[in-house]
Amino acid sequence: MPLTASSLLTDYPKPAGVWDEMMASDGSLRPHYQRLAATLTRLGPGGLAACADQARRSIAENGVTYNVYGDPRGMDRPWEFDPVPFVIPPHEWAALEKGLIQRARLLNAVLSDLYGPQRLLKEGALPPGIVLGNPGFQFACHGIRPPEDTWLHLYAVDLARGPDGRWWCFADRTQAPSGSGYVLENRIVLSRSLPDDIRDLQVQRLAGFYRIFRDNLYRIAPNNIRREGPRIVLLTPGPLNETYFEHAYLSRYLGFPLVEGGDLTVRDRKVFIKTLEGLQQVDVILRRVDDGFCDPLELRQDSFLGVPGLLEAMRAGNVCVANPIGSGLAESPALLAFLPALCRRLLGEQILIPNTATWWCGQRKERDHVLANLDTFLIKGALSDKASNPIFPHTLSAKDRAALVERIRKSPQSYVGQERITLSEAPIWNGKSLSPRPIALRVYLAAAGDDFIVMPGGLTRVSVSPNIPIVSMQSGGGSKDTWVLSDGPVLHQSLLTPDLHVRASDRSVTQVPSRVADNLYWLGRYAERAEILVRVMRVLVTQLTDESTLENPITAGLLMRLLVPLEILKKAPEPPLLLEKYEREALNILFKKDHPSGLVTCIGNLRSAAWRVRDRLSIDTWRILSELQQELPPDGTLTELDDALILLNRLIRGLSAFAGMVMENMTRSHGWRFLDLGRRLERSSALLLLVRGTLTEDPDGRHLLTPILDIADSAMTYRRRYFAHAQTDAVLDLLLREEENPRSALFQLLSISDHLAHLPAMPGRSEPGMKQRLIAELISQLRRLDPETPPEQLGACLEGTVQAVNRLSDRIAHVYFSHAGAQIS
């Protein structure tokens, strides 16, 4: 039975023994939720379901993902979002803001001391085991002083509210806090569903926080800058990281190039980015790589994510890293037990937002207290690299409980006991109605000169189940937008506010890193490879579904043989040449998931290549690529050939849309040139292979001339020009030598020549003009080809041309996609 609009709230259960963010214990609505509740009542179940559907579509279209390790969807797992926001009133936020700024100042002071004079250790305010015995303490960083002694350029605090309504801090994120990009995406998604409510309820904007954060990064750049402005990059672990979407999103939003460790190198104690123009000095690194992985020379030697020599460049003051390497020490749960005393000692103040009560088992009295009351605690790793996966002793079997006690007794310094908190609850949309669900709030702060500012919002995380007291995205939890209300009108803010300093700085980061050029090049090749496969299979499927083929399957058999030089098939089907055999093989190519050169693999390679340059693609371009993969049927499904033809037509439209976006929307930078260069090389090679295969398999041109005109999308051009059936010499002239045909081999080579002429020279990589000579020889070879040459001789010439194209491709990769001997520009 469908719910009525009013039942959205009337069926919501009264809280019992827990703080509900929307409803008081007597069942009345809290004042700051009343206007939102009126909106939800007005929307009713149908309207709220529509909001949730719109949010899901927007998340899917924008490619918003979060990789939960072990989830079969992998990098394609969509971000989980609930359309009912979490609302915080102005007076409550003001108190939180004050306490959070105090906490940031406190942790910054602690880190400054521990990596400096270490008075807290010398005077006994902190046990040495928490610091010197902590894997999170980076000994190599001791003595390195960051600019303005700021250790927390971006800082996050995990908050929970207890049954009494009081806020508690249960974790600090100090080295590379994640989630701030998802906060932005949550706001954008919900603003499309509830734009009037965001305005009418005077919800505070987020853009001002990011502008101050970005401006602070420009400000802390080393003073010895001689260029137009500082060069800032965002360092990511790479596309396999669970929050890679966020890295790409923030890179675009803040205007910083997204780089991986391999994109950077250290020369003369300075950090450089490897670009096509050579090595360009980097001034500030906004990192999303954890401390130990940042420099394999001085930290973890097994790391492939960092930059060898980065710490030495920091010591020399030639680069600023935000947050400085070593700041992860403050994430240690053991430190929570000492923060109230440290706050009084360092700031002369009582701590305003208390921690979850924490006992470090490295002290005998605290260890005995934890063991004596074990079922009332949750147990965590005490040190920063062991702080995840809390244990709830009251849920363990007697055997597992005894084993836990034994581990604590053997290594007490490695564990803390924390008081269990019953998390507050907030309403979520469960698909049918509103229901309460445990939540926690992650709030972000940024350095602003000698103080800190708080983002007016945050990442509200929702438990995956009402019965699970843990909120974790890795456990499959969801998220909400966080609305911090204002007492007065809210000014519209944008990160795009005119700022001549920022604009000038942005011009200095337009160079394309070699890795990005490489990935764009292969994105172009995979896109063209997918289009060639789809066009060939469309012609083949059309032949197989034609009634005339039943009587004469010769053309279909020859088309199958053309798949061999294209490396779609390893070998052609053996005689007898039965139509059923062709159909089965065609269905395998189109729909078999593990076919090495099949459609599923090809589209997957295309999307993986696009994922690696996610920050370089517009939202519309990404949507097109996502829709291509969504067009494919479920895994293991073998569709009928008639259905396959419909699918192939849709894929042609999608691939053509992608090509159109590339040609019409991408700026003509080196990145665009490499993407188009990859397309042109792939198209020219495939076309030459198709023509050579046609000359070999059908030398008199009775069966394959018309199909390859269709494959090359040149049938209409041929008809308009010749008004005749396909003739070998005319078809070869059109597909090989016609400069005005955008599908001809010569057109591709001329385009390649133009791109190579505009790409930068790479001194020391190749002889001057070598690439131009190679392409000029190829163009000359094609122009000299005589279509009336005997097929066998012409096929041999085309084989040589294909090999020359492959040599050119190898030369381009050697010259541009490595920096073994790069020069500093």
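Just so we're clear, the structure is a prediction, and the values are computed from it rather than from any experiment.

What counts, and at which threshold
Residues numbered from 1 in each chain as written. Predicted model: local features only at pLDDT ≥ 70, side-chain atom pairs only at ≥ 80, totals over all residues. Heavy atoms only, no water. Helix = DSSP H or I, 4+ residues; strand = E, 2+ residues; numbered from the N terminus. Buried < 20%, exposed > 50% of the residue type's maximum accessible area, 1.4 Å probe, protein only. Contact = heavy atoms within 4.5 Å. Areas by Shrake-Rupley, 256 points an atom, 1.4 Å probe, with all protein chains shown as cover. Pairing = 2+ DSSP bridges. pLDDT = per-residue confidence, 0-100. Expected span 1.5 Å × (residues − 1). Axes fitted to C-alpha atoms, helices over the stretch in contact; angles between N-to-C directions. Phe/Tyr/Trp six-rings, centres within 6.5 Å; stacked < 30°, edge-to-face > 60°. Lys NZ or Arg CZ within 6 Å of the ring centre and 35° of its normal.

Once that is clear, we can look at the overall build of the protein. Along its length, the protein carries 29 helices and 18 strands. Residues classed as buried in the protein amount to 58% of the 825 residues present. Counting contacts in the protein only where the partners sit at least 6 residues apart, residues at least 24 apart contribute 72% of the total. Of the roughly 34,200 Å² of accessible surface on the protein, 51% is carried by carbon and sulfur atoms.

What follows concerns the pairing of strand 12 (residues 377-381). Judged by how many residues are buried, strand 12 sits mostly within the fold: 5 of 5 residues are covered. Residues Phe377, Ile379 and Gly381 of strand 12 are buried on one face, and the alternating residues Leu378 and Lys380, pointing to the opposite face, are buried as well. As paired strands, strand 12 and strand 13 (residues 415-419) are joined by 5 bridges and run antiparallel to one another. Paired with Ile379 across the two strands is Gly417, which belongs to strand 13.

Mean pLDDT over the protein works out to 88, with 89% of the residues at or above the 70 mark. The low-confidence segment residues 1-5 (pLDDT under 50) makes 8 contacts with residues lying over four places distant or belonging to another chain. Predicted confidence for residues 500-509 stays below pLDDT 50, and this span has 20 contacts to residues more than four positions away or in other chains.

In this model helix 6 (residues 180-193) runs 21 Å from its N-terminal to its C-terminal C-alpha over 14 residues, within 8% of the 20 Å that 1.5 Å per residue would give. A large share of helix 6 lies buried, amounting to 11 of its 14 residues. For helix 6, the full list of buried residues reads Ser180, Gly181, Tyr182, Val183, Leu184, Glu185, Asn186, Arg187, Val189, Leu190 and Ser193.

Across the sheet, 4 strands lie side by side as 5-4-9-10; this open sheet has parallel pairing. Of all strands in the sheet, those with a lone pairing partner are strand 5 (258-259) and strand 10 (320-322), marking the two edges. Contacts between helix 8 (residues 207-219) and the sheet are confined to strand 4 (232-235), strand 9 (284-287) and strand 10, with strand 9 contributing the most and set at about 140° to the helix.

Taken as a whole, this structure holds 20 aromatic pairs when the rule is applied. Considering the side-chain rings of Phe245 and Tyr249, the 5.5 Å spacing of their centres and the 40° angle between planes classify their relative orientation as tilted. Linking Phe245 with Tyr249, this pair stays in helix 9 (residues 244-254), spanning 4 residues, or about one helical turn. There is no split in this pair, since Phe245 and Tyr249 are both buried. Ring pairs connect the aromatic residues Tyr521, Trp522, Tyr526, Phe674, Tyr816 and Phe817, which therefore count as one cluster. In this structure, Arg30 packs its charged tip against the face of Trp19, placed 3.9 Å from the ring centre. It is Arg525 that lies over the ring of Trp522; its NZ or CZ is 5.4 Å from the centre.

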